[in-house]
Amino acid sequence: MSVRIVSTRPFDDQKPGTSGLRKKVKVFQKANYLENFVQSTFDAIGDFSGQTLVLGGDGRFYNREAIQTILKMAAANGFGRVLVGQGGILSTPAASHVIRKNKAYGGLILSASHNPAGPDEDFGIKYNIGNGGPAPEGVTEAIFARTTEISEYKVLEASNIPLDSVGSFKLGDMQVEVIDSVHDYAELMKSLFDFAAIRKLLAGGFRIKFDAMHAVTGPYATRILVGLLGAPVDSVMNCVPKEDFGGGHPDPNLTYAHELVDVMYADDAPEFGAASDGDGDRNMILGNHFFVTPSDSLAILAANAKAAPGYRGGIAGIARSMPTSAAADRVAAAMGLSCYETPTGWKFFGNLMDDGRVTLCGEESFGTGSNHVREKDGLWAVLFWLNILAVRQTSVAAIVHEHWKEFGRNYYSRHDYEGVDSAAAEQVLQNVRDQFATLPGQMLAGREVASCDDFAYTDPVDSSVSRNQGVRVLFKDGSRIIFRLSGTGTSGATIRIYLESYEADASKHDLDAQDALAAMITAAGEISRLRKLTGRDAPTVIT
Ligand code: G16
């Protein structure tokens, strides 16, 4: 087997976004496109000779082909060992755990998360560092810089490795271990949660429904919920990963997870429902006829953390992304804990966790997790909720209502306008920026504007600064309107508008969030002139 050095030319569109490089499959299939990005990553990450790389993906179309290419490139570039998930499957949180457990140098995760899959849809690749978390901006910038000047890549001339059963193979001087995709992750979950109590809850007739949306969590949910916790087989749905995710959009929200939503809002609905996304890091939590917002979920997990054995000793602190509601801040204040507000993107939590400042982290974008790995973790959140329900012996809705009664309710909603013309989307944000000087002091939606800014974050651990992370209109009563452009889409632009207002009075906690926020929603449209610029009358998705 010999190493081939292939000449190549840079592509001008390989800048990683919020979470790695995401493009249409057809783009990744262009000659040298994947290879350029992988070689640029290898060139940028330092000296890994003889070290271990973790490799796996969410099983979407092009996963298997990309894995074979990357294995041959890893061998040619001097890695000592690659741990690859069986069938090429590793959920994002499982990959994070495998990196940490094996003290790997890093990992390549092949996923475009919740974006649709198939020959005409999306593919993605991201590099995670040795702590198991997404590469911080310094690393992604170095990778991007390398993509702009790359002139050759290295690949081993070799046959493909069989991925479908666990085994050990040699690829040149490099060892390839095809590992069970679920085992290590399931062991980690057992160490954090009271499996005996959850098993008892489920055996007592507490009915659950988990929707893997034809994506990566299927094998994990089946082994853990059905195999280890004894849930009936029909407690899981869409649990065989498909290369096109069944033609769906595996984003666990009320719009895209409608199959689960229909089950949870039917007359004979189970007590608990949950869904995860393409690569297994997002989660949506539902009760019988009840939706838990991701922001509330983070706050509730924090307030009830001691129910789970893994967190019985207490939590160090909480972090949330800036657009996430301040519900968790109230819990942190009551518990005497620090609460950090970071830009959107799980990568910003890594330093805080590594430095021991926070245990729980969460984002409004259906992401919750803890320092057990360095990624958000969908099934972890499901098990945490089941553990709390097993201890408290009440319903999801009752837990949330009691939480609001104690801490107040942060009414919250996100309005997404997908596939908008990029220039128009930029202008929507600019329109608000143009009023930064005049808005403060004005009344908007019946509230006084306190200040406006472009959110900037200084990492308290390494002092790195990230600017332009969202346009904020902050009100005197704590309400907020935030405008941000998505960093994960692959065509056009997606405008996200995040709306939040706080209500302490428990007699006013039963409004529909859209009604409670109606005046703010109108105000957001007016100050941004969104309708005129985009031609849109209504959001594509409301969560
Ligand atoms: C990714 C990041 C998340 C982030 C989300 C935001 O999620 O991992 O930390 O909250 O993007 O996406 P956007 O920039 O579109 O608002 P995922 O699940 O796609 O990897």
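Residues numbered from 1 in each chain as written. Predicted model: local features only at pLDDT ≥ 70, side-chain atom pairs only at ≥ 80, totals over all residues. Heavy atoms only, no water.

**Topic: the sheet that holds strand β20 (residues 443-444)**
Consider a sheet: its strands pair through backbone hydrogen bonds, and that pairing is either parallel or antiparallel.
Here's step 1: With antiparallel pairing, 7 strands are arranged side by side in an open sheet as β20-β21-β24-β25-β26-β19-β27. If you trace the sheet from one side to the other, it starts and ends with β20 and β27 (541-542), each paired once.
Here's step 2: Relative to strand β24 (residues 471-475), strand β21 (residues 447-454) is paired through 5 bridges, and the arrangement is antiparallel. When the sheet's bridge partners are listed, C452 is paired in β24 with V473. (Pairing = 2+ DSSP bridges. Helix = DSSP H or I, 4+ residues; strand = E, 2+ residues; numbered from the N terminus.)

**Concerning the site of the ligand**
Here's step 1: In the vicinity of the ligand, 19 residues are found, and the nearest of them are E363, R484, S486, T488 and R496.
Here's step 2: With respect to the ligand, the side chain of R22 contributes an N or O atom lying 2.9 Å from an oxygen atom.
Here's step 3: In isolation the ligand has 460 Å² of accessible area, and contact with the protein removes 99% of it. (Near = heavy atom within 4 Å. Polar contact = N/O pair within 3.5 Å; in protein donor to acceptor, adjacent residues only side chain to side chain. Areas by Shrake-Rupley, 256 points an atom, 1.4 Å probe, with all protein chains shown as cover.)

**Here we look at the nonpolar core**
In summary, soluble globular proteins display a tendency toward joint burial of nonpolar side chains.
Here's step 1: Core analysis: the largest hydrophobic core is formed by 75 residues, its most contacted members being F193, F272, W380 and W385.
Here's step 2: Broken down by element, the residue count for this core peaks at 11 residues, all from helix α13 (residues 378-392).
Here's step 3: Inspection of this core shows a minimum of three residues originating in each of domain 1 (3-181) and domain 2 (185-407).
Here's step 4: In this structure, I67, L110, L156 and V178 belong to the second largest nonpolar core, which totals 43 residues. (Core = buried A, V, L, I, M, F, W, Y, C linked by side-chain atoms within 4.5 Å. Buried < 20%, exposed > 50% of the residue type's maximum accessible area, 1.4 Å probe, protein only. Domains from an automatic or database assignment.)

**A few points about the domain arrangement of the chain**
Here's step 1: By the assigned domains, the chain splits into domain 1 (3-181), domain 2 (185-407) and domain 3 (409-542).
Here's step 2: Just the C-alpha atoms count here: the centres of domain 1 and domain 2 sit 28 Å apart.
Here's step 3: Each side of the interface is counted separately: domain 1 has 34 residues, and domain 2 has 33 residues.
Here's step 4: Note on domain 1 versus domain 2: buried area summed over both sides is about 2600 Å², and carbon and sulfur give 56% of it.
Here's step 5: When the area that domain 1 buries against domain 2 is broken down by residue, the three leading residues are P93, H97 and H114, summing to 23%.
Here's step 6: For the pair domain 1 and domain 2, the interface holds 2 salt bridges.
Here's step 7: Counting across the interface, domain 1 meets domain 2 through 13 residue pairs in polar contact (both at pLDDT 80 or more).
Here's step 8: With 6 residues, helix α4 (residues 92-101) is the single largest residue contributor to the side of domain 1 that touches domain 2.
Here's step 9: Per-class residue counts for the side of domain 1 that touches domain 2 are 10 nonpolar, 18 polar and 6 charged. (Contact = heavy atoms within 4.5 Å. Buried area = accessible area lost by both parts, 1.4 Å probe. Salt bridge = Lys/Arg side-chain N within 4 Å of Asp/Glu carboxyl O. Nonpolar A, V, L, I, M, F, W, Y, C, P; charged D, E, K, R; others polar.)

**Structural notes on the environment of A104**
Here's step 1: Assignment of secondary structure puts A104 in the loop between α4 and β5 (106-110).
Here's step 2: The sequence separation of A104 and G246 amounts to 142 residues, and the corresponding C-alpha distance is 33 Å.

**Description of the pattern of salt bridges**
Here's step 1: Under the defined criterion, the tally for this structure stands at 30 salt bridges.
Here's step 2: A salt bridge links E157 to R4, with the nearest nitrogen and oxygen atoms 2.9 Å apart. Taken as a pair, E157 in the loop between β7 (152-156) and β8 (167-171) and R4 in strand β1 (residues 3-7) lie far apart in primary sequence, 153 residues in all.
Here's step 3: If you follow the salt bridges from partner to partner, you end up with R320, D329, E341, D453, R472, R480 and E500 in one network.

**Remarks on helix α10 (residues 294-303)**
Here's step 1: The buried fraction of α10 amounts to 9 of the 10 residues, a majority that puts the element mostly inside the structure.
Here's step 2: Those residues of α10 that fall on the buried side of the exposure criterion are P294, S295, D296, S297, L298, A299, I300, L301 and A302.

**Concerning the sheet that holds strand β16 (residues 338-342)**
Here's step 1: Strand order in the open sheet made by the 4 strands is β16-β15-β17-β18, with mixed pairing throughout. At either end of the open sheet lies a strand with only one pairing partner, and these are β16 and β18 (367-370). On average, adjacent strands in this sheet sit at an angle of 15° to one another, irrespective of strand direction.
Here's step 2: Of the strand pairs in this sheet, strand β15 (residues 317-321) and β16 are connected by 5 bridges, and their pairing is parallel. (Axes fitted to C-alpha atoms, helices over the stretch in contact; angles between N-to-C directions.)

**A few points about the side chain of N115**
Here's step 1: Inspection of the secondary structure puts N115 in the loop between β5 and β6 (122-129).
Here's step 2: Since its relative accessible area comes to 7%, N115 is described here as buried.
Here's step 3: A distance of 3.4 Å separates polar atoms of two side chains, one belonging to N115 and the other to H114.
Here's step 4: What N115 contacts, discounting residues up to four positions off in sequence, is R22, R60, D122, F245, P250, T488 and T490.

**Considering α4**
Note that an α-helix has 3.6 residues per turn; residues three or four places apart therefore point the same way.
Here's step 1: Counting buried residues in α4 gives 8 out of 10 residues, a clear majority hidden from the surface.
Here's step 2: Within the sequence span of α4, burial applies to T92, P93, A94, A95, S96, H97, V98 and I99.
Here's step 3: A side-chain oxygen of the first residue of α4 lies 3.1 Å from the backbone nitrogen of A94; this N-cap is S91.
Here's step 4: Trailing α4 by a residue or two, K103 shows a phi angle of about 45°, which is positive.

**Quick notes on unusual backbone geometry**
Here's step 1: One non-glycine residue with positive phi stands out, namely K103, at about 45°.
Here's step 2: You can see K103 is positioned in the loop between α4 and β5.
Here's step 3: Residue K103 is classed as exposed on the basis of its relative accessible area, which comes to 70%.
Here's step 4: Within the chain, Q393 stands out as a residue other than glycine whose phi angle is a positive 50°.
Here's step 5: Secondary-structure assignment places Q393 in the loop between α13 and α14 (396-407).
Here's step 6: Using a relative accessible area of 58% as the deciding quantity, one classes Q393 as exposed.

**A closer look at the pairing of strand β3 (residues 52-57)**
In summary, the side chains of a regular strand alternate between the two faces of the sheet.
Here's step 1: Counting buried residues along β3, 6 of its 6 residues qualify, which places the element largely inside the surrounding structure.
Here's step 2: Across the two faces of β3 the burial is the same, with T52, V54 and G56 and L53, L55 and G57 all buried.
Here's step 3: Both β3 and strand β4 (residues 81-89) contribute to a ladder of 5 bridges, which runs parallel. Paired with T52 across the strands is R81, a residue of β4.
Here's step 4: Between β3 and its parallel partner β4, the chain crosses via helix α3 (residues 63-77), and the hand of that crossover is right-handed.
Here's step 5: In this structure, β3 lies alongside β5, joined through 5 bridges in parallel fashion. (Right-handed = clockwise from strand over helix to strand, strands pointing away.)

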